[in-house]
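Chain and residue survey
Listed below, chain by chain, are the residues.
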Amino acid sequence: MGAKEGFSPTTIPCLLLLFCLGCKCLASELQVTQTATVKVDASPEHARKIPDTLFGVFFEEINHAGAGGIWAELVSNRGFEAGGPHTPSNIHPWSTIGDDSSIFVATDRSSCFSRNIIALRMEVLCNDCPAGGVGIYNPGFWGMNIEDGKTYNLVMYVKSPETADLTVSLTSLDGLQNLASVNIKVDGTSNWTKLEQKLVANRTNRTSRLQITTNKKGVVWFDQVSLMPADTYKGHGFRTDLVSMLSDLKPRFLRFPGGCFVEGEWLRNAFRWRESIGPWEERPGHFGDVWHYWTDDGLGYYEYLQLSEDLGAAPVWVFNNGISHHDEVDTAIIAPFVKDVLDSLEFARGSANSTWGSVRAAMGHPEPFLVQYVAIGNEDCGKKHYRGNYLKFYNAIREAYPEIQMISNCDGSSRPLDHPADLFDFHVYTDSKTLFSMRNTFDRTSRDGPKAFVSEYAVWKSDAGKGSLLASLAEAAFLTGLERNSDIVQMASYAPLFVNANDRKWNPDAIVFNTWQHYGTPSYWMQTLFRESSGAIVHPITINSRYSGSLAASAITWQDSGNSFLRVKIVNFGSHAVRVRISTTGLGTSVHAVGSTVTVLTSGNVMDENSFSHPQKVVPVKRQLRDAAEQMRVKLAPHSLTSFDLALAQSKLVTLVEKDEEYLISRV
């Protein structure tokens, strides 16, 4: 008989080893790919409309965001006022062409404008001047972007006691390459003359300069020298490429002009709306002592209102309430400041026949700007006179304009305010882990008080880089919480919005630019996935998973050109992929694969950033869901924001099921 078959003494250890290895592999697989169930309750009784104003933008004059940024003026210090009202003064960045023996320039107080009295006196000393002449030049804000075939509008004020022949040119930064040129004859007179010319570029140079030269001995005065591209956004003076990026966000409001820019380190340097309106030549400009640069205020109160209108965004006027970083006006004598703000509202809202409304009408806008929101100060809640001053402004505005919504600087998210307000301001700048954990912040906020305005939020410092993927994911998680809590959160905006790469006073920012390039950081692109949320319908959503501590989600339904979509946004803040089962109840309609899309924001490294050389390194990638079997094989990538737009129809509900069960969408 043969031997009985069975396990040999060596078989059991081998099987145990294989079993252990199998368990290890299984554990490894479970660790690499987690699972989660996301449930959306789309029933009408639990749906809620999101405020039309939920997501907007906040513009502050910081990082040369306005001067040398969205405001298209190419000449820096166009009125020679940046050195202050005293003479002689520093005229930087203007400089001379020619040596000391051929030219002498100095500022004096001979301007024809009473509010900006400084002018530049240029004395040509040479009888036999060098070829090309002598004169002055301005390099703009780190060079002027001059493009082939484009037209540039020159305006300048000049006077000369004797006839002068001037050549105005656009050249390369070293003056060797001529891009455009025009000859101008100045009649000898003691009066100032306004000269206007068009310069058409015959080539492109990204770092050009404007120069004014002559070969004739004599004296010429200059003031308010301006060079503007002819093709600005809607013809209103804004740089088209940068404002188009704002338009792409579909902002529902525009908060302006700050920020700390409103306060100033000292009140003498705070933004003054009166000084920023009227003809641009007559605006005195001011030194922004918080961010340390001069602005000529060509981008003024009127222009901010115009930009709001151009974007279809509600203006949110942040005004100074008599408080700066270092000095304050006592409530007992705050009345002139209150009157000043009431005048600013009449300028915006008053009829063309009113005192200040007529000034607006004279500037080209006879119809009022509908200002519905004002912020009484910026980050001033802890200041000695804030509450007293606040109440003076609040009561005066409520009496004159009862429909205006007023925003307090004091945070009411965790405890009631001790003063009346329509909204309270909430600012948060922190690391990514902390902001991600704040996605439920407003879950506990009382629904009985004023609404929340999250007017400044961002990840910054250690893990923000210059705009990292990680920062954008934490911010996205925070925004899903704002969507879910939009019954108490009425408005929200990222900060800061812009940074000129040559003057990075604050880091990071949503949009980075120089004279001719621009790109959005991951935080900018993250916001594009929330731009349909304002006015949409938000639905309750729950996440069931051992991994739920690293996930954040929200669900909305929205419409586009008559088509309806269910959008489910999920942030995977962790380092492992996640299989997700999404189920809906109460949807009441079918989901079509045709017309449905999935959009993913992620990258190979969580600290990846965009740059001028790689502007599209971290951007959302969108693809169509052609059918369930082919297109629903989607996992949540590690460190990602995934947005599913599921096309809804009125036909019988269909179920989309992924064959290998990696991903499933169905109605329960």
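The shown structure was predicted, so the numbers you read here are calculated from the model rather than taken from an experiment. (Residues numbered from 1 in each chain as written. Predicted model: local features only at pLDDT ≥ 70, side-chain atom pairs only at ≥ 80, totals over all residues. Heavy atoms only, no water.)

A word on the overall build of the protein chain
So the rule is basically this: In DSSP terms, a helix is any run of H or I states spanning at least four residues, a strand is any run of E spanning at least two, and both are numbered starting from the N terminus. We call two residues contacting when some pair of their heavy atoms lies within 4.5 Å. Values of accessible area rely on a 1.4 Å probe in the Shrake-Rupley scheme; residue burial ignores everything except the protein chains shown. Think of it this way: Lys and Arg go in the positive column, Asp and Glu in the negative one, and His and the chain ends go nowhere. Charged groups are reduced to one reference atom each: NZ for lysine, CZ for arginine, CG for aspartic acid, CD for glutamic acid.
Helices and strands together make up the secondary structure of the protein chain, namely eleven helices and 36 strands. Overall, the C-alpha framework of the protein chain stretches about 130 × 65 × 50 Å when taken along its three principal axes. Pairs at least 24 apart in sequence give 75% of the contacts found in the protein chain among residues at least 6 apart. Surface summary for the protein chain: the accessible area is close to 27,400 Å², and the carbon and sulfur share equals 52%. Charge centroids of the protein chain, computed over 62 positive and 72 negative side chains, lie 6 Å from each other.

A few points about the state of the cysteines
The test is simple: In what follows, a disulfide is any cysteine sulfur pair within 2.5 Å. Buried, partly exposed and exposed residues are distinguished by accessible area as a fraction of the type maximum, computed with a 1.4 Å probe on protein chains only: under 20%, between the cut-offs, and over 50%, respectively.
Taken as a whole and assessed by the stated rule, the structure comprises two disulfides. The disulfide that involves Cys126 links it to Cys129, with 2.0 Å between the sulfurs. Looking down the S-S bond of the Cys126 and Cys129 bridge, the torsion is 90°, so its handedness is right-handed. Each of the two residues, Cys126 as well as Cys129, counts as buried. Note on cysteine connectivity: Cys381 is disulfide-linked to Cys410, with sulfurs 2.1 Å apart. Here Cys381 and Cys410 share a disulfide; its torsion about the S-S bond, 100°, makes the bridge right-handed. One end of the pair, Cys381, is in the loop between strand E19 (373-376) and helix H7 (386-400); the other, Cys410, is in the loop between strand E20 (405-408) and strand E21 (423-430), and 29 residues separate them in sequence.

Remarks on the sheet that holds strand E34 (residues 640-649)
As a reminder of what qualifies: Two strands pair if DSSP finds at least two bridges between them. Fitting a line to C-alpha atoms yields each axis, with helices limited to the stretch in contact; the angle taken between N-to-C directions then spans 0 to 180 degrees.
The strand order E2-E27-E29-E30-E34-E32-E33 describes an open sheet built from seven strands, whose pairing is antiparallel. Whereas interior strands pair on both sides, the edge strands pair on one side only; in this sheet they are strand E2 (48-49) and strand E33 (621-625). Where strand E27 (residues 537-539) lies against strand E29 (residues 551-560), three bridges are found, and the strand directions are antiparallel. Bridge assignment links Val538 to a residue of E29, and that residue is Ile556. Seen against the sheet, helix H9 (residues 469-484) touches E2, E27, E29, strand E30 (563-572), strand E32 (590-601) and E34 and runs at an angle of roughly 65° to E29.

Observations concerning the confidence of the model for the protein chain
The test is simple: Each residue carries a pLDDT score, the predictor's own confidence in it, on a scale running from 0 to 100.
Looking at the protein chain, the pLDDT average stands at 91 and 91% of residues meet or exceed 70. For residues 1-30, every residue scores under 50 in pLDDT, and the model assigns this stretch three contacts once sequence neighbours within four places are set aside. Taken as a whole, residues 651-668 scores under 50 in pLDDT and shows 55 contacts with residues more than four places along the chain or in a different chain.

Brief notes about the pairing of E30
Taken residue by residue, a regular strand's side chains alternate between the two faces of the sheet. Counting buried residues in E30 gives eight out of ten residues, a clear majority hidden from the surface. The hairpin formed by E29 and E30 contains two residues between the paired strands, and Ser561 there has a positive phi angle of roughly 55°. Bridge count between E30 and E34: nine bridges; the pairing is antiparallel. Across the sheet, residue Ile570 finds its bridge partner in E34, namely Thr642.

Brief notes about the nonpolar core
To keep it simple, the criterion reads: For this analysis, a nonpolar core means a set of buried residues of the types Ala, Val, Leu, Ile, Met, Phe, Trp, Tyr and Cys, connected via side-chain atoms within 4.5 Å.
Trp317, Phe442, Phe478 and Phe498 are the most contacted members of the largest nonpolar core, which has 109 residues in total. For this core, the leading source of residues is H9, giving ten residues. Met122, Val134, Met144 and Val186 belong to the second-largest nonpolar core, a separate cluster that totals 38 residues.

As for the packing of aromatic side chains
Which entries qualify depends on this criterion: Aromatic pairing here means that ring centres of Phe, Tyr or Trp (its six-membered ring) are within 6.5 Å. Orientation follows from the plane angle: under 30 degrees is stacked, over 60 is edge-to-face, and everything else is tilted.
Applying the stated criterion to the full structure yields 35 aromatic pairs. Ring geometry for Tyr390 and Tyr394: centres 5.8 Å apart, planes at 25°, overall stacked. Within this pair, Tyr390 and its partner Tyr394 are both found in helix H7, separated by four residues, close to a single helical turn. The class for Tyr390 is buried, based on a relative accessible area of 0%. Judged by its relative accessible area of 11%, Tyr394 falls in the buried class. Each ring, one from Tyr457 and one from Tyr494, has its centre 5.6 Å from the other, and the planes form 85°; the classification is edge-to-face. With a gap of 37 residues between them, Tyr457 in strand E22 (residues 451-459) and Tyr494 in strand E23 (residues 489-494) connect regions that are remote in the sequence.

Examining the pattern of salt bridges
We count it as follows: The term salt bridge refers to a pairing of a side-chain nitrogen on Lys or Arg with a carboxyl oxygen on Asp or Glu at a separation within 4 Å.
Within the structure shown, the criterion is met by 30 salt bridges. Note that Arg239 is salt-bridged to Asp241, the shortest N-O span being 2.8 Å. With a closest N to O distance of 3.1 Å, Glu483 and Lys569 form a salt bridge. Taken as a pair, Glu483 in helix H9 and Lys569 in strand E30 lie far apart in primary sequence, 86 residues in all. By relative accessible area, Glu483 is classed as buried at 0%.

Notes on the side chain of Ser468
Quick note on the threshold: Polar contact is defined as a pair of N or O atoms within 3.5 Å, subject to the rule that within protein one atom must be able to donate a hydrogen and the other to accept it, and that residues adjacent in sequence are counted only when both atoms are side-chain atoms.
Following the sequence through the fold, Ser468 ends up in the loop between E22 and H9. According to the relative accessible area criterion, Ser468 is buried, its value standing at 0%. A polar side-chain atom of Ser468 sits 3.0 Å from the main-chain carbonyl oxygen of Asp463. Those residues in contact with Ser468 that lie beyond four places of it in its chain are Asp463, Pro522, Val606, Met607, Asp608 and Glu609.

Describing the sheet that holds strand E9 (residues 151-160)
What the five strands build is an open sheet, ordered E5-E6-E14-E9-E12; its pairing is antiparallel. Where the open sheet ends on each side, the last strands, each with one partner, are strand E5 (103-108) and strand E12 (189-200). With strand direction ignored, the average angle separating the axes of adjacent strands in the sheet is 30°. Relative to strand E14 (residues 218-229), strand E6 (residues 119-124) runs antiparallel, the two being bridged by five bridges. Looking at the pairing, Met122 lines up with Val220 of E14.

Considering the environment of Val374
Along the chain, the position of Val374 falls in strand E19. For the pair Val374 and Val168, spaced 206 residues apart in sequence, the C-alpha to C-alpha distance is 44 Å. Sequence-distant contacts of Val374, that is, excluding residues within four places in its chain, are made with Trp317, Phe319, Leu345, Ile397, Ile404, Gln405, Met406 and Ile407.

Some remarks on helix H2 (residues 240-248)
What counts is decided by this rule: What the arc describes is the spread of directions from the helix axis to the C-beta atoms.
When we look at burial in H2, the residues that qualify are Leu242, Val243, Met245 and Leu246. Angularly, the buried residues of H2 cover 145° about the axis, an arc narrow enough to put them on a single face. Tucked into the core, H2 has its buried residues touching helix H4 (301-311), strand E24 (498-500), strand E25 (511-513), strand E26 (518-520) and helix H10 (522-528). Of the residues one or two after H2, Lys250 is the one with positive phi, at around 50°.

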